[in-house]
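Residue strings, one per chain:
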Amino acid sequence: MAAQADADDSFSQMSTKALKRMLEGLGVSTSTCVERGDLLKLAEGNAGAADEGVDALYALSDPHSGDRTNMRYLSSLPARPRSALIVAGDVDDDVRVLTETLRVCVSKFGGGVFFTPGNHDLWLLGRERDSLAKLDVVLKAAEAAGASTTRRLLRGRGGERSVLVIPLLSWHHASFDTEPALTCWGGLPTARQAMSDYHNCAWPAPLDDATESVARHFDALNDDAPADVDRATTAVVTFSHFLPRIELIPEKRFMFLPCLAECVGSRFLGDRVARLRPDVHVFGHTHLAWDATLDGVRYLQGCVGYPSEWATRPASLEIGRLRCCPVAPDGRGRACELVRDGPLKVWDAAAGLAGYFGAKWSKHYEKYPRRPDVTHVLPPYSAARYAPLPGAEVRDVCDHVPPFCT
């Protein structure tokens, strides 16, 4: 009865349009509904449909749906009325676009949509006083669109398997980067120079993005309940926008902007993930596909990213069925579209957790250990941006220590 009451209350918070999309995603006709009350009754009557019979859980990050190509991709996804979807942040800085995007996702995934915001979602457009106020607006907009921003247990169809999905709020801090800085190269920008968050976000006192205070505050907003489920029958999937471990990004020498290591993750998030001990943690932000298991936790990123990234470096984004295909150029160079089969299927009611996907950069670290102490060597693609100083070396990626063959 308590679960039904919670469901009824969540329906009352949803917009009329979101209710219609949710019901249509479940295969329920709304043609006979004249008033909002009719929709609410229909939703209440189908409240257990998703929780009692979810087929699968999918995940994506960084849809950046202010880009029309990306919104077209999301709108073209096949309807999966018995499946759920994780959206791991960076939808858009415009709350209207964010809301419409999540409504589209809700209409496609009738088993539920889960969301946590990324940095772009909290950029200020002049309407909110600061990014904490924007966070409140974004979370309320997500719920009104029919997405969940809190944990929820999904029961698989057939009743033998379940999955507990836990969204985690987080923010980055510079001390997350514990690896040495590059040496022997000049002209390297600082994180504050390269990262728009420092200019597009604002924080109320005493929060200061030059310290750990913002990241600590975000982490404190999460509930401290453990993932207390029967692990024999229930998988635990947590997700965040930012990285919980430094090992989930390539070493600085492989990055166009080495300073980005300072603004990608949170130690507080990492500690929280370690306490929850999920089977899978989904993340985003770096726009690099990833599939790695560290200390018993599998870390996955399947990002939508930008069309320009798929056109110029598709191998670093491809994972599972999240792939692109060339389309007719638009006169500005090569053009690509994401295939409609994506996003990643993380969990299946019949088979359990997804099998191994593999991804370019995480495969590299399966073969070679991290060597962040190699700080003087850059590959040609990034060396061209910077000024070599005494001791600097330029080598093809496959000649690096450790070697990496593309």
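Not measured: the values here are computed from a predicted model.

Draft legend 1. Just helix 13 (residues 360-367), in detail. By the burial criterion, the buried members of helix 13 are W361, S362, H364 and Y365. Buried residues of helix 13, viewed axially, fall in a sector of 145°; they line one side. Buried positions along helix 13 lie against strand 9 (290-294) and helix 14 (380-383).

Draft legend 2. Local environment of the pairing of strand 2 (residues 83-87). Most of strand 2 sits out of view: five of its five residues are buried. Residues S83, L85 and V87 of strand 2 are buried on one face, and the alternating residues A84 and I86, pointing to the opposite face, are buried as well. Inspection of the sheet shows strand 1 (residues 56-60) paired to strand 2 by five bridges, in the parallel sense. Paired with Y58 across the bridge in strand 2 is L85. Each parallel crossover has a hand, and the one from strand 1 via helix 5 (residues 68-76) to strand 2 is right-handed. Handedness of the crossover joining strand 2 and strand 3 (residues 112-115) through helix 6 (residues 95-108): right-handed.

Draft legend 3. Examining the sheet that holds strand 10 (residues 297-301) more closely. Read from one edge of the open sheet, six strands run 4-5-7-8-10-9, paired in mixed fashion. Each edge of the sheet is formed by a strand with only one pairing partner; in this case those strands are strand 4 (152-155) and strand 9. Across the sheet, the mean angle from the axis of one strand to that of its neighbour is 20°, orientation sign disregarded. Alignment of strand 4 against strand 5 (residues 162-167), held across four bridges, turns out to be antiparallel. By the bridge assignment for strand 5, R155 is matched with S162.

Draft legend 4. Representation of the sheet that holds strand 3. What the five strands build is an open sheet, ordered 3-2-1-13-14; its pairing is mixed. Pairing within the sheet leaves two strands with one partner each, and these edge strands are strand 3 and strand 14 (352-353).

Draft legend 5. Main features of the side chain of S316. Summarising the element assignment, S316 is placed in the loop between helix 12 (307-312) and strand 11 (324-327). Judged by its relative accessible area of 6%, S316 is buried. Discounting residues that sit within four places of it in the chain, S316 has contacts with H287, L288, A289, K360 and W361.

Definitions and limits used
- Residues numbered from 1 in each chain as written.
- Predicted model: local features only at pLDDT ≥ 70, side-chain atom pairs only at ≥ 80, totals over all residues.
- Heavy atoms only, no water.
- Buried < 20%, exposed > 50% of the residue type's maximum accessible area, 1.4 Å probe, protein only.
- Helix = DSSP H or I, 4+ residues; strand = E, 2+ residues; numbered from the N terminus.
- Arc of directions from axis to C-beta.
- Contact = heavy atoms within 4.5 Å.
- Pairing = 2+ DSSP bridges.
- Right-handed = clockwise from strand over helix to strand, strands pointing away.
- Axes fitted to C-alpha atoms, helices over the stretch in contact; angles between N-to-C directions.

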